[in-house]
Amino acid sequence: MWRGFTLQQFANQCYGNEYDLGKGRQMPVHYGSNELNYLTVSSPIATQVPQAVGAAYGLKMDKKDACAVTYFGDGGTSEGDFHAGMNFAAVLGAPVLFICRNNGWAISTPTSEQFRSDGVAIKGQAYGVRSIRVDGNDALAVYFAVKNARKMAVEEFRPILIEALTYRVGHHSTSDDSSKYRSVDEIEYWRTRRDPVARLRMFLQSNRWWDDENEDLLRQDLRTQMMSVLHNAESKKKPGLSNLFEDVYDVIPQNLKEQEQETQAIVGKYPKDYPSDVPLD
Amino acid sequence: MRAPPSTVRASKLVTNAVAVKSETASIAATKSGHELLLFEALREGLEEEMERDPRVCVLGEDVGHYGGSYKVTKGLAEKFGDLRVLDTPIAENSFTGMAVGAAMTGLRPIVEGMNMGFLLLAYNQISNNCGMLHYTSGGQFTIPVVIRGPGGVGRQLGAEHSQRLESYFQSVPGLQMVACSTPYNAKGLMKAAIRSENPVILCEHVLLYNLKERIPDEEYVCCLERAELVRPGKDVTILTYSRMRHHVLQAAKSLINKGYDPEIIDIISLKPFDLHTIGNSIKKTHKVLIVEECMRTGGIGASLRASIMDNFWDYLDAPIMCLSSQDVPTPYAGTLEEATVVQPPQIVKAIKQLCG
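Keep in mind the model is a prediction, meaning the values are calculated, not measured.

Enquirer: Describe the overall build of chain A, naming the residues involved and giving the relevant values.
Expert: The number of helices and strands found in chain A is ten helices and six strands. With the principal axes as the frame, chain A shows a C-alpha extent of 60 × 50 × 40 Å. For chain A, the residues scored as buried account for 37% of the 281 residues in total. Restricting the contact set of chain A to residue pairs at least 6 apart, pairs at least 24 apart contribute 63%. Within the structure as shown, chain A displays about 16,400 Å² of accessible surface, and the carbon and sulfur contribution to it stands at 54%. Within chain A, the 37 negative side-chain charges are centred at a point lying 4 Å from the centre of the 32 positive side-chain charges.

Enquirer: Give me the nonpolar core: which residues, what numbers.
Expert: If you look at the biggest cluster of nonpolar residues, it comprises 74 residues, and the most contacted ones within it are Tyr57(A), Phe98(A), Phe169(B), Leu239(B), Ile267(B) and Ile308(B). With sequence-adjacent residues up to four places away left out, Ile267(B) is seen in contact with Arg226(B), Ala227(B), Leu239(B), Thr240(B), Tyr241(B), Phe273(B), Ile278(B), Ile300(B) and Leu304(B).

Enquirer: Please give an account of the pairing of strand β14 (residues 321-325) of chain B that cites residues and values.
Expert: Residue and element names in this part refer to chain B. In terms of burial, β14 is a largely internal element, five of the five residues being buried. The pairing of strand β13 (residues 288-295) with β14 spans four bridges and is classified as parallel. If you follow Met295 over to β14, its bridge partner there is Ser325. Taking the sense of rotation as the criterion, the β-α-β connection linking β13, helix α11 (residues 300-312) and β14 turns out right-handed.

Enquirer: How would you explain the packing of aromatic side chains if you had to name every residue and give the values?
Expert: Under the defined criterion, the tally for this structure stands at 13 aromatic pairs over all chains. Through pairs of rings, three or more aromatic residues link up here, namely Phe5(A), Phe10(A), Tyr31(A) and Tyr38(A). Positioned above the aromatic ring of Tyr135(B), the side-chain terminus of Arg25(A) is 4.3 Å from the ring centre. Directly above the aromatic system of Trp190(A) lies the positively charged group of Arg194(A), at a separation of 4.5 Å from the ring centroid.

Enquirer: How would you explain the sheet that holds strand β5 (residues 146-151) of chain B if you had to name every residue and give the values?
Expert: All names here are of chain B. The strand order across the open sheet formed by seven strands is β3-β2-β4-β5-β7-β6-β12, and the pairing between neighbours is mixed. Single-partner strands in this sheet number two, and they are β3 (85-87) and β12 (269-271). Neighbour-to-neighbour, the strand axes of the sheet open up by a mean angle of 20 degrees, direction not taken into account. Here strand β4 (residues 108-112) pairs with β5 via three bridges, running parallel. When the sheet's bridge partners are listed, Val111 is paired in β5 with Ile147.

Enquirer: Explain a negative patch on the surface to me, and be specific about the residues and the numbers.
Expert: Residue and element names in this part refer to chain B. Together, Asp62, Glu78, Asp82 and Asp87 make up a region of like negative charge exposed at the surface. By secondary structure assignment, the location of Asp62 is in the loop between β2 (56-60) and α3 (76-80). A relative accessible area of 34% places Asp62 in the partly exposed class.

Enquirer: Any details on the side chain of Arg168(A)? Residues and values, ideally.
Expert: Residue and element names in this part refer to chain A. In this structure, Arg168 sits in the loop between β6 (160-165) and α7 (184-193). From its side chain, Arg168 meets the backbone oxygen of Ile107 in a polar contact 3.2 Å long. Excluding residues within four positions of it along the chain, Arg168 makes contact with Asn103, Trp105, Ile107, Asp176, Ser178, Tyr181 and Arg182.

Reading the values: the criteria
Here, residues in each chain are numbered from 1, in the same order as that chain's written sequence. As they are written, the chains are lettered A onward and the ligands numbered 1 onward, keeping that order. Given that this is a predicted model, residues contribute local features only at a pLDDT of at least 70 and side-chain atom pairs are listed and counted only at 80 or more, while totals for whole chains, interfaces and linings are drawn from all residues. Just so you know, side-chain values use all the structure's heavy atoms and leave hydrogens and water out. By the criteria applied, helices consist of DSSP H or I runs no shorter than four residues and strands consist of E runs no shorter than two, each listed in order from the N terminus. Each residue's exposure class comes from its accessible area (1.4 Å probe, protein chains only) as a fraction of the maximum for that residue type: buried when under 20%, exposed when over 50%, partly exposed otherwise. Throughout, a contact is declared for two residues whenever any of their heavy atoms are within 4.5 Å. Each accessible area is a Shrake-Rupley result for a 1.4 Å probe, and residues are judged covered by the shown protein chains and nothing else. Here Asp and Glu are counted as negative and Lys and Arg as positive; His is not counted, and neither are the chain ends. The atom standing in for a charge is NZ when the residue is Lys, CZ when it is Arg, CG when it is Asp and CD when it is Glu. The criterion is simple. A nonpolar core is a set of buried Ala, Val, Leu, Ile, Met, Phe, Trp, Tyr and Cys residues joined through side-chain atoms within 4.5 Å. When DSSP finds two or more bridges between a pair of strands, those strands are recorded as paired. Note on handedness: a crossover is taken as right-handed if, strands pointing away from the viewer, the path from the first strand over the helix to the second is clockwise. Geometry of aromatic contacts follows a simple scheme: Phe, Tyr and Trp rings, the Trp one being its six-membered ring, pair when their centres are within 6.5 Å, and the pair is stacked under 30 degrees between planes, edge-to-face over 60, tilted otherwise. When the NZ atom of lysine or the CZ atom of arginine is within 6 Å of a ring's centre and also within 35 degrees of its normal, the charge is said to sit over that ring. Orientation is described by lines fitted to C-alpha atoms, with helices fitted over the stretch in contact, and by angles between N-to-C directions that extend from 0 to 180 degrees. Patch membership requires over 30% relative accessible area and the absence of a salt bridge. Like charges are linked within 9 Å, and nonpolar side chains (Val, Leu, Ile, Met, Phe, Trp, Tyr) within 5 Å. For salt bridges, the criterion is a side-chain nitrogen of Lys or Arg within 4 Å of an Asp or Glu carboxyl oxygen. Here a polar contact means two N or O atoms within 3.5 Å. Within protein one must be a hydrogen donor candidate and the other an acceptor candidate, and residues neighboring in sequence count only if both atoms are side-chain atoms.

Shape is all these values report; function is a separate question.
Have a look at this one:
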């Protein structure tokens, strides 16, 4: 969002319509934008960690004044890829930031059942990666930690691990009901008393840079925008059937062309059995 | 119908089963060219591509100053530097992941698996990311990665080092796969794989690295999707690849002396199959024998048979025969190991059965 991915683009990706940059091929929240240097999200956990190291490897080779950054959760630090990725980054001296959002839960697994180490920051130390633990609900603390980490990574060619401590107030996904495995009181406590957005707002308001009126107006405006972009995205057509077969390779091979023809023939023959908002071409 | 035996015995015995030089399009009909071993051919191809494009780099275990377990990258770290020929810690899934990330952000990495069997550890990155990200990103990111390494049954390397993973990668969408079998096609396929915008798996064979051949001095690139017509014939189509090509050629010497005229095709491209070349051959001979090193169940042969049936059923005069390895892990004992790989006498027997 900060880089310029519009709310409409987010909505298009969620609905997988014809304007989705991903052409309707990935599930919601798995967006990507080549233009904004944001690699398309892929579901398997922690596979992005070595990939970020690879991107940083390229940056180091080109001697670019830039670094790679990758995000994962507390659960992701159990995956093999996390360990090897950190190890590689340290050995290679790759300019990469590893940002772990330790929110206490991996679906229903609390961190006490995920690892017995002293959190995630210590894992970085074990690999020779400079690490920092920061209050993830303090916007300013996170800002300064990341800013300094980036400077170190870029100027000193080294990886940095940032563990941001926070709490997952929501459910893991729309198919999860977390009250099944944790107390409602705990959730309520964090939601009402430790909300990071409210905390920043209090700070701004106490300095008279913001007030309740601005808050209400902003919320209303954003709500209207969101409803509009979602409605817009929903009403658009889905990508055509040919998108099922393109981009598997750079040039569509013969066997896929044949499969495409077969599929088009079936869908054309029994249109009532297939969604009506997917054009045949 | 074949000529009666007496006529055949009267004509000159053929000792060379491979097509005569003037008939083969692959080798340039010049007296020049240079002789080298297959692993040197791979290195030559790799070196030429690294000189041509500064984005090409190599990642793998012991590929740097050690030069690689099979010496394919020997001398390259000294020439191009430690970063371009990178020694990685032992974590196949992760350095393959690194290669995917590097490829998505502009580099053209080549991942060397010390043995194809170890790439099973990299299967998550290869299947879930490498093959998919071009598609799921809507075409925004390409993954021009080459994943290569030796596979196949060696000389008593044990079950874990004798894997034939071609069949595992075959169904991953988004990947291309080729298998080299001679110094000529090894160099050509290496260059083509590096230049391809798609992720390519280059299957090498552990016992073929010391094959010697004379290859052209001029630059050449092979086609990733084309099979190689090794010997034209009209009695039967023999489809094979990698080390089995050489077993087939050995068997062919004996077959030709017995009066058979097999057409031998090295399929080269394992994904996708070159159905054009294969089809033309089947339309001519009407009989097919597949000789592979994969396991019987779910191997390349199994999927090739299905492809042929789908496309060329009307041209077949007999069921497709397939010689493969048994569905067993490769034993260490030499005699047992030899029994798990298709040998020339088996091929001769199969042709006799198929052709009568």
